[in-house]
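Descriptive analysis of the structure
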Amino acid sequence: MNLSFVVLEGSNIMKSLHTLISITFSIVALWLVIRSIRGIRMGTAYRALDKYLSYSFIITLYLQLIFGLILYANPSSAGENKYTGIEDALKLASKRFWPIEHIVLMLFALMIANLGLIVSAQTNIDKEKHRKILIYYVVALMMIIISLSAI
């Protein structure tokens, strides 16, 4: 029996964690949006699960920020963007500016999601909580989608 092991470098581990947290975030975001729409349409109560999902949305965004900044600060993770001359660097201008645009949009998305959590926590009416969570978190999701579309 031949066993082969894959040795992961530090940057590969960070990329894998970043991807895993992205998948977790996507699941939480979809579940949260569905529950918020149902809460608005059917007038269901804002339950502990809704609160848990809202906090999970924010926590996964913070984790994405931490791992993304680690990846951005690690020069070995940008191995595919080696420039051999000025001509190559100019050809890859979009790849050079994408990390900056991505980080800025992700920071704004995180701020909007935090604002949504704060505003919804100050509301006592369940339907309004669902509505505010839906509005702010969907805006944050749209910013995330826009930041990913530049890849």
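What comes next concerns the included structure. On a predicted model such as this, the values are computed, not experimentally measured, just so you know.

Looking now at the overall build of the protein. Per the secondary structure count, the protein includes five helices and zero strands. Counting helices and strands in the order they occur from the N terminus, the protein gives α-α-α-α-α. Residue burial in the protein is summarised as follows: out of 151 residues, 32% are buried. Here the contacts in the protein between residues at least 6 apart in sequence split such that 78% fall between residues at least 24 apart. For the protein, the accessible surface area stands at approximately 10,000 Å², while carbon and sulfur atoms represent 69% of it.

What follows covers the side chain of Arg35. Residue position: Arg35 is located in helix α1 (residues 10-42). A relative accessible area of 15% places Arg35 in the buried class. Beyond its immediate stretch of four places on either side in the chain, Arg35 contacts Arg47, Leu49, Asp50, Leu53 and His130.

Formed by 22 residues in total, the largest nonpolar core has its most connected members in Phe25, Phe57, Leu61, Ala113 and Tyr137. Mapped onto this core, the elements with two or more residues apiece are α1, α2 (48-73), α4 (93-121) and α5 (126-148). With seven residues, α5 is the single largest residue contributor to this core.

Before going further, it helps to examine the packing of aromatic side chains. Counting across every chain of the model gives two aromatic pairs. With centroids separated by 4.8 Å and ring planes inclined at 50 degrees, the aromatic side chains of Phe25 and Phe57 adopt a geometry described as tilted. Of this pair, Phe25 sits in helix α1 while Phe57 sits in helix α2, and the two are 32 residues apart along the sequence. Across the pair, Phe57 and Phe25 agree in class, each one buried. Ring geometry for Phe57 and Tyr137: centres 4.3 Å apart, planes at 15 degrees, overall stacked. Note that Phe57 is positioned in helix α2 and Tyr137 in helix α5, a separation of 80 residues in sequence. For the residue pair Phe57 and Tyr137, the accessibility class agrees, reading buried in each case.

Take a nonpolar patch on the surface next. Together, Tyr72, Ile100, Val104, Leu107, Phe108 and Met111 line one region of the surface with nonpolar side chains, adding up to about 550 Å² of accessible area. If one sorts the elements of the nonpolar patch by residue count, α4 sits on top with five residues.

Take the packing of α2 against α5 next. In contact at an axis separation of 12 Å, α2 and α5 are set at 25 degrees when each is read in the N-to-C sense. Relative to α5, α2 is oriented roughly parallel. For α2 against α5, the interelement crossing comes out left-handed. Facing α2, whose interface residues are Asp50, Ser54, Phe57, Ile58 and Leu61, α5 presents His130, Ile133, Tyr137, Leu141 and Ile144. For the contact of α2 with α5, a count of residues per class yields seven nonpolar, two polar and one charged.

Conventions and cut-offs
- Residues numbered from 1 in each chain as written.
- Predicted model: local features only at pLDDT ≥ 70, side-chain atom pairs only at ≥ 80, totals over all residues.
- Heavy atoms only, no water.
- Helix = DSSP H or I, 4+ residues; strand = E, 2+ residues; numbered from the N terminus.
- Buried < 20%, exposed > 50% of the residue type's maximum accessible area, 1.4 Å probe, protein only.
- Contact = heavy atoms within 4.5 Å.
- Areas by Shrake-Rupley, 256 points an atom, 1.4 Å probe, with all protein chains shown as cover.
- Core = buried A, V, L, I, M, F, W, Y, C linked by side-chain atoms within 4.5 Å.
- Phe/Tyr/Trp six-rings, centres within 6.5 Å; stacked < 30°, edge-to-face > 60°.
- Patch = residues over 30% accessible without salt bridge, like charges linked within 9 Å, V, L, I, M, F, W, Y side chains within 5 Å.
- Salt bridge = Lys/Arg side-chain N within 4 Å of Asp/Glu carboxyl O.
- Axes fitted to C-alpha atoms, helices over the stretch in contact; angles between N-to-C directions.
- Parallel < 35°, antiparallel > 145°, perpendicular 65-115°, else oblique.
- Left-handed = near helix turned anticlockwise from the far one by under 90°.
- Nonpolar A, V, L, I, M, F, W, Y, C, P; charged D, E, K, R; others polar.

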